[in-house]
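# Structural characterization, general
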Amino acid sequence: MNFDTYRRQWFGNIRGDLLSGLVVALALIPEAIAFSIIAGADPKVGLYASFSIAVIIAFTGGRPGMISAATAATAVLMVTLVADHGLEYLFAATVLAGLLQIGAGFLKLGNLMRFVSRSVMTGFVNALAILIFMAQIPELVDVPWLTYPLVAAGLAIIYLFPYVTRAVPSPLVTILVLTALVLVMGWDVRTVGDMGDLPDTLPVFLIPDIPLNFETLAIILPYSAAIAIVGLLESLMTANIVDDLTDTPSDRNQECVGQGIANTATGFIGGMAGCAMIGQSIINVKSGGRGRLSAFTAGVVLLFLVVALGDLVARIPMPALVAIMIMVSIGTFSWSSIKDLRTHPRSSSVVMLATVAVVVYTHNLAIGVLVGVLLSGLFFAAKISQLFGVTSSLSEDGRVRTYNVEGQLFFASSEDFMAAFDFKEAADKVVIDVSRAHIWDISSVAALDMAVLKFRRDGSEVEIVGMNEASETMVDKLAVHDKPGAIDKLAAH
């Protein structure tokens, strides 16, 4: 990226970026607090993280106009770590997750996103929505009865206020109205202040207070790896959405590095790991944000509001945040995917449902995505193996048998390839025509070896014709049928 392009990404849309950044900052406050609570941390952990990640990613990211901060996707991965080992281990895991993401960027692993199918993405999003909703259940159990009507009122405001005006985000209106109502009426409900102290100072540099040994590494590495993978998955998927909304490209590998730098730095100021936010990024784009300045503005304004108005933020009732998080879960879930179960191929539906089921069961988005990708690969291999066939013809004099191979020859079709040959036929010459086939892997080369050697063992002359350059390169490198003693090795088997 040249300097002129980078400068345009900063200053090409100043007014739109400043206004959209302000809207995003207001919407980020309740979500950052709620995500902190999901992770079992003080509100300041999510607020510092959202400030730090938004500001740093503005400089280092690969997708201008995308908003990154503390998110539910990463917060749900931290619950057990915080509960079992405490906040200091969370900060260390955040630093390590960032370093892993930087490594992924330099290794250009961002390009692997092309192997994540839409079914896996849909399952990922649906599972995330379910986990967000499940995280609200503790705030709805063993609480004052007023909590339930307040949550219902909050949801009503969130969904009905946009019909009045969209100039002010409805989640912000929900917070203002419910906070005012609780304060005026003096109702006894849980507030943000009950969850922990809010920051009243700027974040400072700190090194996590943990022992630096392999035992600590063994504790945080599984969490860091999951956070790094999930963070990159959600960030790259969000980047794809912003690409489509703005008709501009993003640099996936730069985004990996940028997310890593942001998370590493955030761990050193007492923040939790985060990633790109689908909802806030869409709000930003639809509010006119296009450049890096929008994310920078959102982070700076967020910190100012929290530090300057912290006493007011502490009085926000928890039912308001629960309502907002229920709205986030409803908005995140792909409701059309339920209807699509009837029309989409069964394999796609199985992949989506399996991804959701594994994530909800394990509470680990990375494992669910891994299962989804593996299932997608298996179904794809099975589908391609069906597009394979072998036909044969005998010359008029009955001396030459020609086998015409068509399709993709790889591990899943190797068995069908071998079954197509008649090794008991005593033809003088066998021609294997692979001009309409492609040889992909060591399994297919081994099958070709076996076929050639079996025919030669029975006295037939074998000729392979029509091999394309890529297949020929693999066969020359791996095949053994033309090497001395090959038939003897076959006999030994």
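Here's a quick rundown of the structure. This one's a predicted model, so the numbers in the text were calculated from it and none came from an experiment.

### Considerations on the nonpolar core
I33, M78, F124, M272, L321 and L365 are the most contacted members of the largest nonpolar core, which totals 94 residues. No other element matches helix 2 (residues 14-39), which puts 11 residues into this core. Residues in contact with L365, not counting those within four places in the same chain, are A73, V76, L77, F124, A127, L128, L131, V230 and V359. The next biggest cluster of nonpolar side chains, apart from the first, holds 22 residues, and it includes F421, F423, F455 and A479.

### Remarks on the side chain of T238
By the secondary structure assignment, T238 is in helix 10 (residues 214-246). Residue classification places T238 among the buried residues on the basis of a relative accessible area of 1%. Those residues within four positions of T238 in sequence are excluded, and the remaining contacts are M66, A276, M277, I278 and S281.

### Re the pairing of strand 6 (residues 461-465)
As paired elements, strand 5 (residues 429-439) and strand 6 share 5 bridges and run parallel to each other. If you follow K429 over to strand 6, its bridge partner there is E461. Remark: the strand 5/helix 20 (residues 442-457)/strand 6 crossover connection has right-handed handedness.

### Observations concerning the state of the cysteines
As used in these notes, a disulfide is a covalent bond between sulfur atoms, one from each of two cysteines. Under the counting rule described, the total for this entry stands at 0 disulfides. The cysteine C256 is free of any disulfide, with C275 supplying the nearest cysteine sulfur at 12 Å. Look at C275 and you get buried, because its relative accessible area is 0%.

### Structural notes on the packing of aromatic side chains
Each pair of aromatic rings is reported with the distance of its centres and the angle of its planes. With the rule as written, the count across this model stands at 14 aromatic pairs. When the ring of F59 is compared with that of F296, the centres are 5.9 Å apart and the planes differ by 90 degrees; the resulting orientation is edge-to-face. Linking F59 in helix 3 (residues 43-60) with F296 in helix 13 (residues 292-308), this pair joins segments that are 237 residues apart in sequence. Plain terms: the ring middles of F423 and F455 are 4.8 Å apart, the flat faces sit at 45 degrees to each other, and that makes the pair tilted. With F423 in the loop between helix 19 (414-419) and strand 5 and F455 in helix 20, the pair connects residues that are 32 residues apart, well separated along the chain. As far as the burial class goes, F423 and F455 line up, both buried. Pairwise contacts between aromatic rings join F388, Y403, F417, F421, F423 and F455 into one cluster. Its guanidinium or amino end placed over the ring of F423, K454 lies 5.1 Å from that ring's centre, counting from NZ or CZ.

### Examining the sheet that holds strand 4 (residues 400-409)
On the basis of which strands lie adjacent, the open sheet formed by 4 strands has the order 3-4-5-6 and mixed pairing. Strands at the two margins of the open sheet, each flanked by one partner only, are strand 3 (389-394) and strand 6. Each strand of the sheet is rotated relative to its neighbour by a mean of 20 degrees, with strand direction disregarded. Both strand 4 and strand 5 contribute to a ladder of 9 bridges, which runs parallel. Bridge pairing links T402 to V431 in strand 5. Its contacts with the sheet put helix 20 on strand 4, strand 5 and strand 6, and the angle it makes with strand 5 is roughly 170 degrees.

### With respect to unusual backbone geometry
Within the chain, K108 stands out as a residue other than glycine whose phi angle is a positive 60 degrees. Phi at D142 takes a positive value of approximately 55 degrees, unusual for a residue other than glycine. Note on placement: D142 falls in the loop between helix 6 (118-134) and helix 7 (147-160).

### Side note on the packing of helix 10 against helix 18 (residues 365-385)
A packed helix pair is summarised by two numbers, namely the angle formed by the two axes and the spacing between the axes. Across the interface, helix 10 lies against helix 18 with an axial gap of 8 Å and an inter-helix angle of 65 degrees. By crossing handedness, the relation of helix 10 to helix 18 is classed as left-handed. In this structure, helix 10 uses A226, I229, V230 and L233 to contact helix 18, whose residues at the interface are L365, A366 and V369. A class-by-class count of the residues in the contact of helix 10 with helix 18 yields 7 nonpolar, no polar and no charged.

### Comments concerning the environment of L321
Residue placement: L321 occurs in helix 15 (residues 318-332). Contacts of L321, omitting those with residues within four sequence positions, involve P30, I33, A34, I37, V192 and I316.

### Points about helix 17 (residues 346-362)
Compared with the 24 Å implied by 1.5 Å per residue over 17 residues, the 24 Å span of helix 17 between its first and last C-alpha is a close match. If you check which residues of helix 17 are buried, you get S347, S349, V351, M352, A354, T355, V356 and V359. In the core, the buried residues of helix 17 are packed alongside helix 6, helix 16 (336-340) and helix 18. Downstream of helix 17 by one or two residues, H363 has phi in the positive range, about 60 degrees.

### Some points on the pairing of strand 3
Here 6 bridges tie strand 3 to strand 4, and the two strands are oriented antiparallel to one another. Across the sheet, residue S393 finds its bridge partner in strand 4, namely T402. Taken together, strand 3 and the strand that follows it, strand 4, pair antiparallel across an intervening segment of 5 residues, in which G398 is found at a positive phi of about 75 degrees.

Calculation criteria
Residues numbered from 1 in each chain as written. Predicted model: local features only at pLDDT ≥ 70, side-chain atom pairs only at ≥ 80, totals over all residues. Heavy atoms only, no water. Core = buried A, V, L, I, M, F, W, Y, C linked by side-chain atoms within 4.5 Å. Buried < 20%, exposed > 50% of the residue type's maximum accessible area, 1.4 Å probe, protein only. Helix = DSSP H or I, 4+ residues; strand = E, 2+ residues; numbered from the N terminus. Contact = heavy atoms within 4.5 Å. Pairing = 2+ DSSP bridges. Right-handed = clockwise from strand over helix to strand, strands pointing away. Disulfide = S-S within 2.5 Å. Phe/Tyr/Trp six-rings, centres within 6.5 Å; stacked < 30°, edge-to-face > 60°. Lys NZ or Arg CZ within 6 Å of the ring centre and 35° of its normal. Axes fitted to C-alpha atoms, helices over the stretch in contact; angles between N-to-C directions. Left-handed = near helix turned anticlockwise from the far one by under 90°. Nonpolar A, V, L, I, M, F, W, Y, C, P; charged D, E, K, R; others polar. Expected span 1.5 Å × (residues − 1).

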